[in-house]
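# Examining the three-dimensional arrangement
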Amino acid sequence: MTDLVSIARSLFAPGKGLLAADESVATATKRLASYGIGAGEEMRRQFRDLFLGAEGVEQYLSGIILFSETLLEKGNDKKLFPVSLAARGIAPGIKVDLGTEPMSESPEELITQGLLDLPQRLLEYKKQGGVFTKWRAVVRIDGNQLPTALSVHENAKRLATYAKEVQSAGLVPILEPEVLFAGNHSRQRAREVISETCHTLFSVLEEHSVDRASIILKTSMALSGADSGKKDTPVEVAEDTVAALMESVPSQIAGVVFLSGGQTPDQATDNLRAITERAHAMSAPWPLTFSYARALQEEALALWKGKEENIPAARVVFLERLAKVSAALHI
Ligand code: 13P
C-alpha cells in the first residue's frame, strides 16, 4: 500500500469519522450569526477551538477538515491547531477549493473555483501540516431541467484536475460533488442525480488517469428535497443511497464519507445507521463513515452562544453527538 492509500484508509478507522470544520469566512459568519454570535477573526478562532479543543474527540474523529485560516491559528492551549490535532492522532485536512460562482452557460448552476494557483497552495498547506484535502462541487436539482450534463461534466473535470494535483503533491483528495437537499424533488430523483453525477465523475477520473485507490468520495444521501414536504424513513434513505452508490462508484476507491447537508443531527445519525446496515447487507465494497459539519456542530453552537462560560456545556453535547454518530457506524 502506498502512503497515500494508507492515509486515506486510516480515516476509516472503526467507529471514527471526520468533522468538517472548514466553513469559509462567509459561511462561518452566516452560521455564527444564525446563533446570534457576531463574528470576526477572533470569534471564528474561538468557534474552531470550541470543537477542536474539546477533550476526547480523538475517540471519534480520525480527521478534521480545516479552512486555510485555521491552519495558521493557535487554540486556547497555545498550540497551532494542526499540531495539536496531529499530536492527538487526528489527521488535519484542508478545504482547497475557493468556493463557487455561477456558470456562464447555465447561470442557475454553480461551478467551483480554485485550480489556478492550486499547486503552490498545496505546497504551503502541506508544510503547515495538512495531510488530506477536500474540493466541493455543488449540484442543484430542479425538476428534470437541472442539473445540466454540461455543469456536471465541467465540475467533474475540475474535480479530476484537483485530484491529480493533490495526489502529485503527496496529499489525499476528498472529492465532494454535493447534490443539494434544497428543492422539492423526490428521493428517487435525488438517487438518480447522485448516481449520474458519480458516474460522470468516475469516467472523467478515468480519462485523467487519477489513481482511484487513494481517493475518497464525499457524497450526499438520497433524500426527498427539503421543500418537498416528504419525510423519508431511514430505511428508504439507506436503500436509495446505497443503490445509487453501488451502481456508480468503483470498488477500488479508499472509501465513501457522507455530508449532513442540512439534516437535523438526529436525522443524520439515524440515516447513517441505516446506511451502514444496508451497505453491510448489500456487501458494499468500500468503507463508509461521516464527514459532517452542521449535524455535529449545531447543538453545541446553540448552547455556546459565543460565551466562555458556556464552553463546557457546549462541549458535552458535542461529545454526546459524536458518540451517537460513531455508534451508528457499528452494526
Ligand atoms: P454539512 O455536513 O453541514 O453538509 O457540511 C459538510 C461539508 O463539508 C459541506 O461541504
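Our structure's up above, just so we're on the same page.
Structural notes, computed from the coordinates.

The rules we used
Residues numbered from 1 in each chain as written. Predicted model: local features only at pLDDT ≥ 70, side-chain atom pairs only at ≥ 80, totals over all residues. Heavy atoms only, no water. Near = heavy atom within 4 Å. Polar contact = N/O pair within 3.5 Å; in protein donor to acceptor, adjacent residues only side chain to side chain. Areas by Shrake-Rupley, 256 points an atom, 1.4 Å probe, with all protein chains shown as cover. 1 Å grid on protein atoms, 1.4 Å probe; cavity = no way out; pocket = protein on both sides within 12 Å on 5 of 7 lines; lining within 4 Å. Sits in = over half its atoms within 2 Å of the grid points. Helix = DSSP H or I, 4+ residues; strand = E, 2+ residues; numbered from the N terminus. Nonpolar A, V, L, I, M, F, W, Y, C, P; charged D, E, K, R; others polar. Buried < 20%, exposed > 50% of the residue type's maximum accessible area, 1.4 Å probe, protein only. Contact = heavy atoms within 4.5 Å. Points joined across faces, edges and corners; volume = space filled by probe spheres on them. Pairing = 2+ DSSP bridges. Axes fitted to C-alpha atoms, helices over the stretch in contact; angles between N-to-C directions. Phe/Tyr/Trp six-rings, centres within 6.5 Å; stacked < 30°, edge-to-face > 60°.

### Some thoughts on the site of the ligand
As a structural note, the neighbourhood of the ligand is formed by 13 residues, with K134, K218, S260, G261 and R294 the closest of them. At 2.7 Å, a side-chain N or O of K134 approaches an oxygen atom of the ligand. Side-chain polar atom of K218 to an oxygen atom of the ligand: 2.7 Å apart, as the coordinates give it. With the chains in place, 93% of the 300 Å² that the ligand exposes on its own is no longer accessible. Spatially, the ligand is embedded in the largest pocket. Elements with a minimum of two residues in the shell around the ligand: β6 (132-139), β7 (172-179) and β10 (288-292). Split into classes, the residues belonging to the shell around the ligand amount to four nonpolar, three polar and six charged.

### Some remarks on unusual backbone geometry
Of the consecutive residues L146 and P147, the connecting peptide bond is found in the cis state with omega at 5°. In this model, S209 sits at a positive phi of 50°, which is unusual for a non-glycine residue. Examined against the element boundaries, S209 turns out to sit in the loop between α8 (187-207) and β8 (216-219). Classification of S209 by relative accessible area gives exposed; the value is 52%. For K305, which is not glycine, the phi torsion reads 55° and is therefore positive. Secondary-structure assignment places K305 in the loop between α11 (294-304) and α12 (311-327).

### Some points on the side chain of S195
Of note, S195 is situated in helix α8. One polar contact links S195 to E247, side chain to side chain, over a distance of 2.8 Å. Aside from chain neighbours lying at most four places away, what touches S195 is A244, E247 and S248.

### Quick look at the layout of surface pockets
The gaps of empty space that remain are located by a probe, the size of a water molecule, rolled over the atoms. In this structure, the largest pocket spans a volume of roughly 590 Å³. Taken together, 28 residues form the lining of the largest pocket, with T27, R31, R136, E178 and R294 sitting closest to its centre. For the lining of the largest pocket, the secondary-structure elements that each account for two or more residues are α2 (25-33), β6, β7 and β10. The greatest single-element share of the lining of the largest pocket, amounting to three residues, is contributed by β6.

### Some thoughts on the sheet that holds β8
Ordered in space as β1-β2-β3-β6-β7-β8-β9-β10, the eight strands form a closed barrel in which the pairing is parallel. For this sheet, the mean angle separating the axes of adjacent strands, direction not counted, is 25°. One ladder, built from four bridges, connects β8 with strand β9 (residues 255-258); its direction is parallel. Across the sheet, K218 pairs through a bridge with V257, a residue of β9. Relative to the sheet, α8 contacts β6, β7 and β8, its axis offset from that of β7 by approximately 145°. On top of the sheet, helix α10 (residues 265-281) reaches β9 and β10; it is set at about 160° to β10, its chief contact.

### What to know about the packing of aromatic side chains
On inspection of all chains with the given rule, the structure shows four aromatic pairs. Between F51 and F318, the ring centres sit 4.8 Å apart and the planes meet at 85°, which makes this aromatic pair edge-to-face. Placement of F51 in helix α3 (residues 41-52) and of F318 in helix α12 is noted, with a sequence separation of 267 residues between them. Judged by relative accessible area, which is 1%, F318 ranks as buried. Relative to Y292, the ring of F290 lies with its centre 5.9 Å away and its plane at 45°, an arrangement referred to as tilted. Side by side, F290 and Y292 carry an identical accessibility label, which is buried. Put simply, the rings of F47, F51 and F318 pair up and form one aromatic cluster.

### Focus: the side chain of R189
For R189, the location among the structural elements is in helix α8. Residues within four places of R189 in sequence aside, it is in contact with I141, G143, N144, L146 and P147.

Without other data, these values stay purely geometric and don't point to any function.
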